[in-house]
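# Structural overview
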Amino acid sequence: LRTLDIGGNRFSAKSGELLATLVRGNEENVKFCSPLTGLYVGMNNLGGTYKMIKGVEMLCGAAFSPHSTLLSLDLCFNGIDDETGVVLGQQVAESRSLQLLDVSHNRLKAGAAFAFAAALKENVTLQVLKMGWNPLGIDATCAIIRSMGKRSALRSLRIENTSDISRGGGEQDA
């Protein structure tokens, strides 16, 4: 098993623990798996809380670890809030394998965007980032765009529809 698509299954935060085990791939109960390189968990509910930890944080703690083999992670439509987005941004900075990350269509705001902007200055593997359809605000959106410097490996940035003030995204003019 190299890629796993479990999108649209209404998985909750509790599933984040199981998914983290799959991504780590070295637990006794998943030794039959080859290293997982692609995981699509879009349209679930991993943004909720289980055992006081957000499901997506458990999953991404494993996915972004230095020993991870995961190249592609799709977390779109999971109800991920800004607080969790900040943690994800910090974890992206540490990732040494992830090449594609989709966190579009969640509830990320400026805090998450600024964390991702800082992460993009550190991360040298992420090539595709999809953050569109989150109410980030103009300043935070611009911070992400400005963060793509010489060190950044980013080749594609999808950050459309992030400044809608009616969704709590921030100011209307840059």
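Residues numbered from 1 in each chain as written. Predicted model: local features only at pLDDT ≥ 70, side-chain atom pairs only at ≥ 80, totals over all residues. Heavy atoms only, no water.

## Some points on helix α4 (residues 110-122)
End to end, α4 covers 19 Å across 13 residues, agreeing with the expected 18 Å (1.5 Å per residue, within 8%). When α4 is considered as a whole, its buried residues turn out to be Ala 112, Ala 113, Ala 115, Phe 116, Ala 117, Ala 119 and Leu 120. Looking at the packing, one finds that the buried side of α4 touches α3 (82-94), β6 (100-102), β7 (128-130) and α5 (138-146). (Helix = DSSP H or I, 4+ residues; strand = E, 2+ residues; numbered from the N terminus. Expected span 1.5 Å × (residues − 1). Buried < 20%, exposed > 50% of the residue type's maximum accessible area, 1.4 Å probe, protein only. Contact = heavy atoms within 4.5 Å.)

## Let's talk about the sheet that holds strand β8 (residues 156-158)
Spatially, six strands are ordered β1-β2-β5-β6-β7-β8 in an open sheet, and the strand pairing comes out parallel. The open sheet has two edge strands with one neighbour each: β1 (3-5) and β8. Across the sheet, the mean angle separating the axes of adjacent strands is 5° when strand polarity is ignored. In the sheet, strand β5 (residues 72-74) pairs with β6 via three bridges, with the strands oriented parallel. Residue Ser 72 lies in a different strand from β6, and its bridge partner there is Leu 100. (Pairing = 2+ DSSP bridges. Axes fitted to C-alpha atoms, helices over the stretch in contact; angles between N-to-C directions.)

## Brief notes about the environment of Gln 127
Structurally, Gln 127 is set in the loop between α4 and β7. Note: C-alpha distance between Gln 127 and Leu 100 (27 residues apart in sequence) is 6.0 Å. In this structure, Gln 127 is in contact with Gln 99, Ala 153, Leu 154, Arg 155 and Ser 156, ignoring residues within four places of it in sequence.

## Remarks on α5
Of the residues making up α5, those classed as buried are Ile 138, Ala 140, Thr 141, Ala 143 and Ile 144. Where α5 is buried, its residues contact α4 and β8.

## A few points about the pattern of salt bridges
Summed over all chains, the structure comprises one salt bridge. A salt bridge links Arg 158 to Glu 160; its shortest N-O distance comes to 3.0 Å. Arg 158 gets classed as partly exposed once you look at its relative accessible area, which sits at 44%. Of the residues examined, Glu 160 reaches a relative accessible area of 27% and is grouped as partly exposed. (Salt bridge = Lys/Arg side-chain N within 4 Å of Asp/Glu carboxyl O.)

## Comments concerning the packing of helix α2 (residues 55-63) against α3
Where α2 contacts α3, the axes come no closer than 10 Å and their chain directions differ by 0°. Here α3 runs roughly parallel to α2, going by the angle between their axes. Contacts from Val 56, Glu 57, Cys 60 and Gly 61 of α2 reach α3 at Thr 84, Val 87, Leu 88 and Gln 91. Split into classes, the residues belonging to the contact of α2 with α3 amount to four nonpolar, three polar and one charged. (Parallel < 35°, antiparallel > 145°, perpendicular 65-115°, else oblique. Nonpolar A, V, L, I, M, F, W, Y, C, P; charged D, E, K, R; others polar.)

## Focus: the nonpolar core
Membership of the largest hydrophobic core comes to 42 residues, with the highest contact counts inside it found for Leu 39, Leu 59, Phe 64, Leu 73, Leu 75 and Leu 101. Only α1 (14-24), α2, α3, α4 and α5 provide two or more residues apiece to this core. Per-element accounting of this core gives the leading share, six residues, to α4. Contact partners of Phe 64, with chain neighbours within four places excluded, come to Leu 73, Leu 88, Gln 91, Val 92, Glu 94, Ser 95, Leu 98 and Leu 101. (Core = buried A, V, L, I, M, F, W, Y, C linked by side-chain atoms within 4.5 Å.)

## Overview of the side chain of Ser 95
Turning to its location among the elements, Ser 95 is positioned in the loop between α3 and β6. Overall, the relative accessible area of 1% leaves Ser 95 in the buried class.

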